[in-house]
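The lines below spell out each chain.
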Amino acid sequence: MIKFPEGFYFGSATSATQCEGGTENDGRGKNIWDLWYEEESYKFHGAIGPGITSSFYQNYKEDIQLMKQTGHNSFRTSISWSRLFPQGYGEVNDKAAEFYRSLFLELKEQGIEPFVNLYHFDMPVKLQEMGGWENRKVVDYYKEYAWTCFHLFGDLVKHWFTFNEPIVHVECGYLQCYHYPCKVDPKAAVLVAYHTALASALAVKEYHSMKQGGKIGIVLNLTPAYPRSSHPEDQKAAKIAELFQNKSFLDPAVKGAYDPELVTLIEKHGLLPEAVSEDLEVIRQNTVDFLGVNYYHPFRVCAKASLPNPAAPFTPGYYFDNYDMPGKRMNPYRGWEIYPRGLYDIALNIRDNYGNIEWMVTENGMGVENEGRFKTDGIIQDDYRIDFYKEHLTWLHKGMEEGSHCIGYHVWTFVDCWSWLNAYKNRYGLVELDLETQKRTIKKSGYWYQELLKNNGFES
Ligand code: BG6
């Protein structure tokens with residue numbers, strides 16, 4: 001039997017844009033995802049926008065009841081910045097404040113600890129029009145937004161996160177054109193990354209100064225980069241991948257400083273932003289209390305086979321190539337590699353290189369296309385997902401036994417949710433959502449999770 005410690009946080013995660021819907025309700029301002037889906041050209045696979053979801057904005061009480069039924073003791077969501085501040089700054093939207101207060105209150109009353117994230121890819125449009133994260137002023141607006149959230153909800157929320165996967169809005173928005181503003185601009189990407197790390201540290205500073213007795217962290221998609229071979233060039237490729245994908249946010253957040261090798265690389269391209277020394281001091285002094293880790297798949301990398309495009313440093317394929325490792329185990333229903341041992345490697349990396357800081361798995365999950373095909377007797381028989389969770393939890397548990405200080409595990413996600421680029425193509429939930437009727441049906445994995453939570457462990 002694999003047993004987790006008493007009080008281990010088990011639950012699930014989502015984000016405001018992916019579950020709330022109600023995009024036109026009660027004075028919510030637009031964020032960049034509303035904009036993205038208003039522009040025909042950005043839609044992938046004819047996907048629909050964030051207006052059509054599981055309508056958590058209306059249904060949260062029912063969903064919380066279901067969470068309670070499955071035994072959740074914790075749940076992560078985010079606050080929608082543009083719902084709380086329709087302009088991104090200035091006047092608070094009272095209706096939004098009311099909604100989030102009653103959401104967090106309901107969770108508390110049902111014995112579910114709220115873990116709340118401030119930013120999950122969802123820049124308010126009004127702020128994007130000023131340049132979004134490229135504009136230093138937006139960092140100050142974020143600080144005000146963070147302060148307001150702590151002020152309004154800090155009595156109910158004791159676990160905060162400043163950002164979810166910040167490397168994603170840097171890469172997708174400024175290097176790869178998967179998120180608004182859809183630029184390929186390495187200089188802007190570096191500036192956005194720096195401003196985001198600074199914004200995170202400023203939020204940590206605000207939170208600590210308010211002495212509310214909780215904890216504040218950041219959620220990072222720490223994706224281990226495994227080299228193709230022990231050849232020095234492959235090893236170097238993996239090291240650079242680690243620098244960009246993981247250390248770029250992990251080091252400033254936990255150690256208060258950037259890895260000198262990363263700084264040298266950026267400097268070499270003449271892309272170092274003009275950092276103000278007070279700002280660097282803010283990053284240095286305001287490190288996180290704990291860490292959230294999202295893990296789905298690893299990276300396999302190798303040395304480059306051809307010369308990179310000199311005009312586009314840091315774009316995919318510039319420093320290393322992806323390695324298509326023969327025999328790797330794939331999720332046949334979505335296309336990501338499945339490598340549960342990666343979670344163990346992450347656990348030991350945090351233990352050995354980051355002062356064994358307290359951390360938790362904030363997302364882990366398996367997306368599946370056309371899940372309806374696995375339905376019998378009205379229930380999706382998602383044994384593949386149960387296996388996925390069991391294997392990841394087994395490796396996580398091993399890491400904990402070896403001393404890594406993990407305090408929780410949240411699956412992605414509870415009710416099937418909307419996704420940024422493909423809406424409902426890949427389903428992740430423990431609970432099936434019928435988009436037309438809004439009916440929720442617990443999947444086989446949901447019942448399995450219920451047993452796991454009841455026993456705080458499972459038979460291996
Ligand atoms: C994580 C994000 O990276 O992956 C989630 O934090 C996202 O917002 C999840 O939904 C799964 O990815 P996708 O693209 O399959 O929805």
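Residues numbered from 1 in each chain as written. Predicted model: local features only at pLDDT ≥ 70, side-chain atom pairs only at ≥ 80, totals over all residues.

The name an unreviewed UniProt entry gives the protein chain is 6-phospho-beta-glucosidase, with Lacrimispora saccharolytica as the organism. For the record of the protein chain, the UniProt heading Sequence similarities (unreviewed entry) holds the text "Belongs to the glycosyl hydrolase 1 family." (UniProt positions renumbered as here; feature names shortened; annotations may be inferred.)

Undergrad: Now, about the overall build of the protein chain: what can you tell me, with residues and values included?
TA: The number of helices and strands found in the protein chain is 15 helices and 19 strands. Taking 2.2 N^0.38 as the reference for a compact globule, 460 residues should give roughly 23 Å; the C-alpha atoms of the protein chain span a radius of gyration of 21 Å, in line with that estimate. Along the first, second and third principal axes, the C-alpha atoms of the protein chain reach 60 × 55 × 45 Å. Counting all 460 residues of the protein chain, 50% fall into the buried class. For the protein chain, restricting intrachain contacts to residue pairs at least 6 apart in sequence, the fraction spanning at least 24 positions comes to 77%. (Helix = DSSP H or I, 4+ residues; strand = E, 2+ residues; numbered from the N terminus. Rg over C-alpha atoms; globule rule 2.2 N^0.38 Å. Buried ≥ 20, exposed ≤ 12 C-beta atoms within 10 Å, placed from the backbone. Contact = placed C-beta atoms within 7 Å.)

Undergrad: Now, about the environment of Glu391: what can you tell me, with residues and values included?
TA: Among the secondary structure elements, Glu391 is positioned in helix H14 (residues 383-401). Here Glu391 falls in the partly exposed class, since 16 other C-beta atoms lie within 10 Å of it. Separated by 51 residues in sequence, Glu391 and Pro340 place their C-alpha atoms 5.9 Å apart.

Undergrad: Tell me about the sheet that holds strand S11 (residues 359-363), and name the residues and values.
TA: What holds strands together in a sheet is hydrogen bonding between their backbones, with the strands either parallel or antiparallel. Within the closed barrel, the eight strands sit side by side as S2-S3-S4-S5-S6-S8-S11-S15. Their pairing is parallel. The mean inter-strand angle of the sheet, taken between neighbouring strand axes irrespective of direction, is 25°. Alignment of strand S4 (residues 113-117) against strand S5 (residues 159-164), held across three bridges, turns out to be parallel. The partner of Phe115 across the bridge, within S5, is His159. (Pairing = 2+ DSSP bridges. Axes fitted to C-alpha atoms, helices over the stretch in contact; angles between N-to-C directions.)

Undergrad: Residues and numbers for the pairing of strand S8 (residues 290-294), please.
TA: With respect to burial, S8 is a largely interior element, four of its five residues being buried. Sheet topology note: the S8/S11 ladder contains four bridges and is parallel. Following the sheet pairing, Gly292 is matched in S11 by Met360.

Undergrad: Residues and numbers for the nonpolar core, please.
TA: Core analysis: the biggest nonpolar cluster contains 132 residues, and Leu118, Tyr145, Ala189, Ile218 and Val301 have the highest contact counts within it. Leaving out residues up to four positions away in the same chain, Leu118 has contacts with Ser78, Ile79, Tyr145, Ala146, Cys149, Phe161, Thr162, Phe163 and Ala203. (Core = buried A, V, L, I, M, F, W, Y, C linked by C-beta atoms within 7 Å.)

Undergrad: Break down helix H9 (residues 186-210) for me, citing the residues and quoting the values.
TA: The end-to-end C-alpha distance of H9, which contains 25 residues, comes to 36 Å, matching closely the 36 Å that a straight helix rising 1.5 Å per residue would cover. Of all the 25 residues making up H9, 19 are buried; the element is thus mostly covered by neighbouring parts of the structure. (Expected span 1.5 Å × (residues − 1).)

Undergrad: Give me the lowdown on the sheet that holds strand S9 (residues 299-302), citing residues and values where you can.
TA: The three strands lie next to each other as S7-S9-S10, forming an open sheet whose pairing is mixed. With one partner strand each, in any of the chains shown, strand S7 (225-227) and strand S10 (321-322) form the two edges of the open sheet. The pairing of S9 with S10 spans two bridges and is antiparallel. Within the sheet, the bridge partner assigned to Cys302 lies in S10 and is Asp321. Against the sheet, helix H10 (residues 232-255) touches S7 and S9, its axis set at about 175° to S7.

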